[in-house]
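# Understanding the architecture of this molecule
Spelled out from the first residue to the last, the chains are:
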Amino acid sequence: MRRANVFCRGILAGVLSKNNAGYRFQYLPEYLSNSECPAISLSFPKQETAFESAVLFPFFFGLLAEGENKALQCRILKIDEDDHFTRLLKTCETETIGGVTIQEVS
């Protein structure tokens, strides 16, 4: 299983993971209990139950570069263009659209 910490405006919000069955995002209890912390997106309202999907969630896919930028990133980082999770881990640690960033968990 591969995992990534998901930050919202610099605060650890939850964990995104990938296994053979698909993807899972779950908010951390500390983040849920803080009323000043917003949901990371409208498609991920704050809730205790994990979100699950067979494919990468559209919200996270939307953080990825497209076109020439995608091709350049994949060439430089030696990433398969169809490996969206690896692309997310390697390119979304800083300077993403909005306040959400991703950090790989070793």
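Residues numbered from 1 in each chain as written. Predicted model: local features only at pLDDT ≥ 70, side-chain atom pairs only at ≥ 80, totals over all residues. Heavy atoms only, no water.

## A few points about the overall build of the chain
On a plain count of helices and strands, the chain comes out with four helices and five strands. If you list the helices and strands of the chain from N to C, you get β-β-β-α-β-α-α-α-β. Taken along its principal axes, the extent of the C-alpha atoms in the chain is 40 × 30 × 25 Å. Every one of the 106 residues in the chain was classed for burial, and the buried ones make up 38%. For the chain, the proportion of contacts with a sequence separation of at least 24, taken over those separated by at least 6, is 43%. Carbon together with sulfur atoms contributes 50% to the accessible area of the chain, which is approximately 6,600 Å² in total. Taken as two groups, the 11 positive and 13 negative side-chain charges of the chain have centres that lie 3 Å from each other. (Helix = DSSP H or I, 4+ residues; strand = E, 2+ residues; numbered from the N terminus. Buried < 20%, exposed > 50% of the residue type's maximum accessible area, 1.4 Å probe, protein only. Contact = heavy atoms within 4.5 Å. Areas by Shrake-Rupley, 256 points an atom, 1.4 Å probe, with all protein chains shown as cover. Lys, Arg positive; Asp, Glu negative; His and termini not counted. Charge placed at Lys NZ, Arg CZ, Asp CG, Glu CD.)

## Some points on the nonpolar core
Leu16, Phe25, Ile40, Phe60, Leu88 and Ile102 are the most contacted members of the largest nonpolar core, which has 24 residues in total. Listing elements by their share of this core, those giving two or more residues are β1 (2-8), β2 (11-19), β3 (22-27), α4 (84-91) and β5 (100-105). Setting aside its immediate chain neighbours within four residues, Leu88 contacts Leu16, Leu56, Phe60, Leu63, Leu64 and Ile102. (Core = buried A, V, L, I, M, F, W, Y, C linked by side-chain atoms within 4.5 Å.)

## Comments concerning the pattern of salt bridges
With the rule as written, the count across this model stands at two salt bridges. Salt-bridge contacts for Glu52 lead to Arg24; the nearest nitrogen and oxygen are separated by 3.1 Å. Here Glu52 is found in strand β4 (residues 51-53), whereas its partner Arg24 is found in strand β3, with 28 residues between them in sequence. Given a relative accessible area of 36%, Arg24 falls into the partly exposed group. (Salt bridge = Lys/Arg side-chain N within 4 Å of Asp/Glu carboxyl O.)

## Details of the state of the cysteines
The final tally for this structure, using the stated rule, is zero disulfides. Of the cysteine sulfurs around Cys8, a residue in no disulfide, the closest is that of Cys37, at 7.5 Å. We classify Cys8 as buried; its relative accessible area is 6%. As a non-bridged cysteine, Cys74 has Cys92 as the owner of its nearest cysteine sulfur, 11 Å distant. (Disulfide = S-S within 2.5 Å.)

## With respect to the pairing of β2
Sheet analysis places β1 next to β2, joined by seven bridges and oriented antiparallel. Bridge pairing in β2 places Phe7 opposite Leu12. Direction of pairing for β2 relative to β3: antiparallel, over a ladder of six bridges. By the bridge assignment, Gly14 is partnered in β3 with Tyr27. Between the end of β2 and the start of β3, which pair antiparallel, lie two residues. (Pairing = 2+ DSSP bridges.)

## A look at the sheet that holds β5
An order of β4-β3-β2-β1-β5 is seen for the five strands of this open sheet, with the pairing classed as antiparallel. The open sheet is flanked by β4 and β5, the only strands paired with a single partner. Going across the sheet, the axis of each strand differs from the next one's by a mean of 20 degrees, ignoring polarity. Seen against the sheet, α4 touches β1, β2, β3 and β5 and runs at an angle of roughly 50 degrees to β1. (Axes fitted to C-alpha atoms, helices over the stretch in contact; angles between N-to-C directions.)

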